[in-house]
Amino acid sequence: MESPRYSAFPFLFVILLSFSRASAALSHEQFLHCLSLHSNDSSSISKVIYSQNNDSYSSILESSIQNLRFSTISTPKPLVIVTPLHASHIQATIYCSRKNGLQVRTRSGGHDIEGLSYVSEVPFVLIDLVNLRSIHVDVENKSAWVESGATIGELYYRIAEKSGTLAFPAGTCHTVGVGGLFSGGGYGTLSRKYGLAVDNIIDAHLIDANGKVLDRKSMGEDVFWAIRGGGGGSFGIVLDWKIKLVSVPATVTVFTVTKTLEQNATELVHRWQYVAPKLSNDIFILLSISRASSGQDEGNKTIQASFSALFLGRVDKLVSLMEKRFPELGLLKENCTEMSWIKAALYFAQFPMQRLEILLDRTAASKSFFKVKSDFVKKPIPKIGLEGMWRRFYEEEARYASMNLVPLGGKMDEIPETETPFPHRAGNIYEIMYIVGREEVAKVSEIQKYLSWSRRFYRYMTPYVSKSPRQAYANYRDLDIGVNNIKGNTTYAQASIWGFKYFKNNFNKLVHAKSLIDPENFFKHEQSIPPV
């Protein structure tokens, strides 16, 4: 005879599930009522609130989801989306979320690798900053104020409108949001010359858990330090940032040279490790590695290595430099193109033939189901290690895999690792971004085989990358390396498992800053900094 204790469980589960849904619905209604009472202009905020029964809810939610792994029927959805027009809308949303026991997620460009800026397993409100993207460029003082909802492309475009010899050191993907990129570091083609994006931020306005708007002085130097690279979603919501613009020549030079194994790619990749981090600060050579077909027969596989460079100068000087420092690549003048810096931004965004206005298109980048992991390398990988990598790229699951090797050195070596939360400075010769995925899958479960390959490849790389801790880049968020508790408190020891990989010893100072600005841990997610 079946035990009554177990036979009653399905009924009890249904009751609990129904109670949970009813509780969420009540919180939702109370939240909306609270917003109407606590907004300075209730008619204004009503225009930027999207409940799940609103006709525009799905389109607003999907518009900025870049990783289709988090755009499925089973993905948890926000109870409400708020697209604030000004700070008061954010303040009211924070107040009402706290009052009704709801968490918040904040999204600027939607490129959070693990979807944490717009997904949560507990009832939550999504604050989408898409309407907060104004940019004010001050050419005379070489600075700009940029709101967190702006994209990198929009920032680059507005700078170029005002000056052909000013720029900003940030990323290459133009649809990435400023708020997300700045919160984790932000490297790009100018990093060897001027450091990261966070190395060039001089002020900000932060809205804390109490709804106060704080500038650098009022938030204090510890918190200002923390928001520049300490990871998004931990300390508050940054409304806007004041950045220092940097000088670039009116004419720069770019090139891309692609070689296969049959064209000596292994030797070139091996040599690149010794050369790229030690070149002049004026040159940045990105190395991208992927599988390709060999010859006319698609069944024959090879590895291709693409060397893509930005040089802050004219072509003749670049060719001369490469002949001296990296003659093995065989760079010729006809491989190179001179252009303006803003055109170079298009070039690295993979839109070399497009008009500049493409930088203003927040939807121009293709979306896919993907997974990203990262590593930092301190010593060149030997040829035998590279050959082992190639063999794994020949596996079926690696058909849609690639690696980006990003050279460090230059200015990156000169900045102390405690200057900002981003600690991966001197001693690291390059960073690796591993990416695997595809634009379409027959069923969502199909992506699992690509994720499994990514994790196997990551394990293979263990002997060749940083150790104790094995370092990772916070902007390439990776839940494989550790997570907080979804519900309840997370201990320092638990968070330090992933925290030291992103931030090394800077994690301790981040915990201190979190305890100052958000001691009750209102802003939290699976990899947020915990207070103590």
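Presented here is an overview of the structure given in this document.

Calculation notes
Residues numbered from 1 in each chain as written. Predicted model: local features only at pLDDT ≥ 70, side-chain atom pairs only at ≥ 80, totals over all residues. Heavy atoms only, no water. Helix = DSSP H or I, 4+ residues; strand = E, 2+ residues; numbered from the N terminus. Rg over C-alpha atoms; globule rule 2.2 N^0.38 Å. Buried < 20%, exposed > 50% of the residue type's maximum accessible area, 1.4 Å probe, protein only. Contact = heavy atoms within 4.5 Å. Areas by Shrake-Rupley, 256 points an atom, 1.4 Å probe, with all protein chains shown as cover. Lys, Arg positive; Asp, Glu negative; His and termini not counted. Charge placed at Lys NZ, Arg CZ, Asp CG, Glu CD. Phe/Tyr/Trp six-rings, centres within 6.5 Å; stacked < 30°, edge-to-face > 60°. Lys NZ or Arg CZ within 6 Å of the ring centre and 35° of its normal. Pairing = 2+ DSSP bridges. Salt bridge = Lys/Arg side-chain N within 4 Å of Asp/Glu carboxyl O. Polar contact = N/O pair within 3.5 Å; in protein donor to acceptor, adjacent residues only side chain to side chain. Disulfide = S-S within 2.5 Å. Axes fitted to C-alpha atoms, helices over the stretch in contact; angles between N-to-C directions. Expected span 1.5 Å × (residues − 1).

1. Some details on the overall build of the protein chain
- A count of helical and extended segments in the protein chain gives 18 helices and 18 strands.
- A compact globule built from 532 residues should have a C-alpha radius of gyration of about 24 Å, and the protein chain, at 24 Å, falls within 12% of that.
- With respect to the principal axes defined by its C-alpha atoms, the protein chain has extents near 75 × 70 × 45 Å.
- Across the 532 residues of the protein chain, 57% fall into the buried class.
- For the protein chain, the share of sequence-separated contacts (at least 6 apart) that also reach a separation of at least 24 residues comes to 73%.
- Of the accessible surface of the protein chain, which amounts to about 22,800 Å², a share of 52% is contributed by carbon and sulfur atoms.
- Averaging the locations of the 60 positively and 51 negatively charged side chains of the protein chain gives two centres separated by 4 Å.

2. As for the packing of aromatic side chains
- According to the stated counting rule, one finds 25 aromatic pairs in the structure shown.
- Measuring from centroid to centroid gives 5.8 Å for tyrosine 400 and tyrosine 450, while their planes differ by 80°, and the two rings are edge-to-face. In this pair, tyrosine 400 is assigned in the loop between helix H14 (383-393) and strand E17 (401-407) and tyrosine 450 in helix H16 (residues 447-460), connecting sequence segments 50 residues apart.
- The class of tyrosine 400 is partly exposed, set by a relative accessible area of 28%.
- Joined through ring pairs, the aromatic side chains of Phe393, Tyr434, Trp453, Phe457, Tyr458, Tyr460 and Tyr464 make up one cluster.
- We note lysine 373 situated over the ring of tyrosine 458; from NZ or CZ to the ring centre the distance is 4.3 Å.
- Above the plane of the ring of tyrosine 458 lies arginine 470, whose end atom (NZ or CZ) is 3.6 Å from the centre.

3. Considering the sheet that holds strand E8 (residues 201-207)
- Across the sheet, 5 strands lie side by side as E5-E6-E10-E8-E9; this open sheet has antiparallel pairing. Taken across any chain shown, the strands that pair with only one partner, and hence form the sheet edges, are strand E5 (135-138) and strand E9 (213-214).
- Bridging between strand E6 (residues 143-147) and strand E10 (residues 237-244) involves 5 bridges; their strand directions are antiparallel. Pairing of valine 146 across the sheet is with tryptophan 241, part of E10.

4. What to know about the pattern of salt bridges
- Applying the stated criterion across every chain yields a total of 29 salt bridges.
- A salt bridge links arginine 107 to aspartate 128; the nearest nitrogen and oxygen atoms lie 2.6 Å apart. One end of the pair, arginine 107, is in strand E3 (residues 103-107); the other, aspartate 128, is in strand E4 (residues 124-128), and 21 residues separate them in sequence. Both residues of the pair, arginine 107 and aspartate 128, belong to the buried class.

5. A closer look at the environment of threonine 363
- Structurally, the position occupied by threonine 363 is in the loop between helix H13 (341-348) and strand E16 (369-377).
- For threonine 363 and valine 119, which are 244 residues apart along the polypeptide, the C-alpha to C-alpha distance reads 20 Å.
- There is a polar contact of 2.8 Å between the side chain of threonine 363 and the side chain of aspartate 361.

6. Here's the deal with the state of the cysteines
- The tally for this structure, following the rule as stated, stands at 1 disulfide.
- Two residues share a disulfide in this structure: cysteine 34 and cysteine 96, whose sulfurs sit 2.1 Å from each other. A torsion of -80° about the S-S bond marks the disulfide between cysteine 34 and cysteine 96 as left-handed. You can see cysteine 34 sitting in helix H2 (residues 9-38) and its partner cysteine 96 sitting in helix H5 (residues 87-99), a full 62 residues away along the chain.
- Residue class for cysteine 34 comes out buried when judged on its relative accessible area of 4%.

7. A word on the sheet that holds E3
- Across the sheet, which stays open at both edges, the 4 strands sit in the order E1-E2-E4-E3 with mixed pairing between neighbours. Looking at which strands have only one partner, the edges of the open sheet turn out to be strand E1 (49-51) and E3. When strand polarity is set aside, the average angle formed by the axes of neighbouring strands in this sheet is 20°.
- Docked against the sheet, H5 engages strand E2 (80-82), E3 and E4, running at close to 170° with respect to E4.

8. Here's the deal with helix H17 (residues 492-503)
- If you check H17, its first and last C-alpha atoms are just 14 Å apart, much less than what 12 residues at 1.5 Å a residue would give, namely 16 Å.
- Those residues of H17 that fall on the buried side of the exposure criterion are Ala495, Ser496, Trp498, Gly499, Phe500, Tyr502 and Phe503.
- On its buried face, H17 is in contact with helix H18 (506-517).
- Note on H17: the residue one or two positions beyond its end, lysine 504, has a positive phi of about 50°.

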